[in-house]
Amino acid sequence: MEQQISALVLAAGMGTRMRSQRAKVLHELGGIPLIVRVIRVLAEFGARPLVVVVGHQAADVEAVVRRHATSSEDLVFALQQPQRGTGDAAWCGLRALGTDFTGDVVLCGADTPMLSAATLAGFTAFHRANSSGLSFVTVRLDEPGAYGRVIRDGSGKVLGIVEARDASPEELSINEVNTGIYLARADFLRQALNKLRPDNAQGEYYLTDLVAIARAERLVVEAWLAPRADEFAGINSRAEMASMEAKIREQVNHRLMASGVSMLDPASVYVSEESEVGRDTFIGPNVQILGRCRIGESVQIEGTAYLRDVTVGDRCHLKLGVRAEQCTIGPDSEIGPFAHLRAGTELEGHNRIGNFVETKKARLGRGTKASHLSYLGDAVIGCDTNVGCGVITVNYDGYDKHLTRIGDRCMVGCDSQLVAPVTIADDVYVASGTTVVHDVPEGALTLSHHPQREKLGWTRGWHKRHRGCGAGGSARAASSQTQGGQE
């Protein structure tokens, strides 16, 4: 029978070195909150339930975790108030786990976002193979900094862990450090955590004191030296956040290029880990592909694009300055430059959305195009329809949004306003400058032009009235006379 394993995620601290009003674990790395990254890894590893210990901004942290949670995560929340150190946080979490749980428990912080499920599996196998009463993960660092130092005897057995702030100069010279990840049976943790005392410079309950307690009870204590130190890099400052962000971006970009994606300047391309990009796609400089994007094959993204939660079909061409969010772009479409596709936009394919066109909750059929300077909001447009320059769907009456429907094979002339709710049937021609306020039947021409009038001789009088306005006015009048501006 497979042994049960649970996890306590310690996420109650403030993270003061971040110099932020937000709890540290809520800061995003690659668009994903730090704590969410850790919880996803623990869920993949198979820990059930996951106990999240919250404290500082507890309600916000819990809300973020629940918003990102999946059905596979069995979540329990425990409150640490006030925050009195990692040992006290673990004790709060263990009480929330309940006395019925008798399996192994992993304890870890919420600020090690590069941790992998495979590493946790290796650590657990080591712990169980050695029949350890308590195990913890260590790494060797050239610059150990503020990490707790691992103290061993001459034979290599673990004697204890000393926090950097309490260490002697000799102990500070040790380069094997504690990562803050522990594994032990729940029954041992219950009695050991109850024995912790705040006898240190900070007056806090240290989780590291578990080692001394386990040794005093003659339990086997093992330190697993992890093969990859970079997985345990913590986040304690904005600079460390930016450095890790760059590493993640580099890893993602290398993976994509290895799969057949071209990048003109990989250093300026930001692709989320959750996004997919097809082979033979070209990505220009200053491109952000965020959230869960699905980019097809042979797509060309020229540059300076912002895409979030977007599906882009094969062979599309996204020109300079495209912004698109929560929308679908069908295959063989041409977008931009400087087009804005807002949430709810659906392009069936072979579409053209040109410069300075904005769409919102707009469904465009195959082959339909709007080439420049238009707003299409709350609209359903059929196939092979042309929307001219300056066309606006007037969808908002000050209280509610209304729908515009345009059929197949329509021509909507420049500078037309379609006042919703309104339906334009198939094969309709809307003359330029028309304000459409009523439904238009199939095959009709609709127009709302005023009669055109001329005032003969008006220009000469206009020049006469402006001759007293200075040299500029006289020059313009003379120019008009020489260029055919006479009666």
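Scroll up to find the structure this text is about.
Residues numbered from 1 in each chain as written. Predicted model: local features only at pLDDT ≥ 70, side-chain atom pairs only at ≥ 80, totals over all residues. Heavy atoms only, no water.

### Details of unusual backbone geometry
And step 1. The step from Arg 48 to Pro 49 runs through a cis peptide bond, and the omega angle for that step is -10°.
And step 2. Among the secondary structure elements, Pro 49 is positioned in the loop between helix H1 (34–45) and strand E4 (50–54).
And step 3. For Ser 131, which is not glycine, the phi torsion reads 50° and is therefore positive.
And step 4. As for its position among the elements, Ser 131 is in the loop between helix H4 (117–129) and strand E7 (134–140).
And step 5. Its relative accessible area of 60% is what places Ser 131 among the exposed residues.
And step 6. For Asn 286, which is not a glycine, the phi torsion comes out positive at approximately 60°.
And step 7. Along the chain, Asn 286 falls in the loop between strand E15 (282–283) and strand E16 (287–290).
And step 8. Residue class for Asn 286 comes out partly exposed when judged on its relative accessible area of 45%. (Helix = DSSP H or I, 4+ residues; strand = E, 2+ residues; numbered from the N terminus. Buried < 20%, exposed > 50% of the residue type's maximum accessible area, 1.4 Å probe, protein only.)

### Describing H1
And step 1. Across its 12 residues, H1 extends 17 Å between first and last C-alpha, which sits within 8% of the 16 Å expected from 1.5 Å per residue.
And step 2. Counting buried residues in H1 gives 10 out of 12 residues, a clear majority hidden from the surface.
And step 3. Considered for burial, the residues of H1 that qualify are Leu 34, Ile 35, Val 36, Arg 37, Val 38, Ile 39, Val 41, Leu 42, Ala 43 and Phe 45.
And step 4. Within two residues after H1, Gly 46 carries a phi angle of roughly 110°, on the positive side. (Expected span 1.5 Å × (residues − 1).)

### Digging into the packing of aromatic side chains
And step 1. The tally for this structure, following the rule as stated, stands at 4 aromatic pairs.
And step 2. With 6.1 Å between their ring centres and 40° between their planes, Phe 136 and Tyr 182 make a pair best called tilted. One end of the pair, Phe 136, is in strand E7; the other, Tyr 182, is in strand E10 (residues 176–185), and 46 residues separate them in sequence.
And step 3. A ring pair is formed by Phe 338 and Phe 356, whose centres lie 5.7 Å apart and whose planes are at 10°; its orientation type is stacked. Taken together, the residues Phe 338 in the loop between strand E24 (334–335) and strand E25 (340–341) and Phe 356 in the loop between strand E27 (352–355) and strand E28 (358–364) connect sequence positions 18 residues apart.
And step 4. Residue Phe 338 is classed as partly exposed on the basis of its relative accessible area, which comes to 41%.
And step 5. For Arg 323, the ring lying beneath its charged end belongs to Tyr 306, and the centroid distance is 4.3 Å.
And step 6. Over the aromatic face of Tyr 396 sits the side chain of Lys 401, whose NZ or CZ is 5.5 Å from the ring centroid. (Phe/Tyr/Trp six-rings, centres within 6.5 Å; stacked < 30°, edge-to-face > 60°. Lys NZ or Arg CZ within 6 Å of the ring centre and 35° of its normal.)

### Some details on the pattern of salt bridges
And step 1. By the definition in use, this model includes 21 salt bridges.
And step 2. The salt bridge involving Glu 217 is made with Lys 195; its shortest N-O contact spans 2.8 Å. You can see Glu 217 sitting in the loop between helix H7 (210–216) and strand E11 (221–225) and its partner Lys 195 sitting in the loop between helix H6 (186–193) and H7, a full 22 residues away along the chain.
And step 3. Relative accessible area serves as the criterion here: at 44%, Lys 195 is assigned to the partly exposed category.
And step 4. A salt bridge links Asp 378 to Lys 360; its shortest N-O distance comes to 2.5 Å. Pair noted here: Asp 378 is in strand E30 (residues 375–381) and Lys 360 is in strand E28, with a separation of 18 residues, a long-range link. The pair Asp 378 / Lys 360 is uniform in exposure class, with both members buried. (Salt bridge = Lys/Arg side-chain N within 4 Å of Asp/Glu carboxyl O.)

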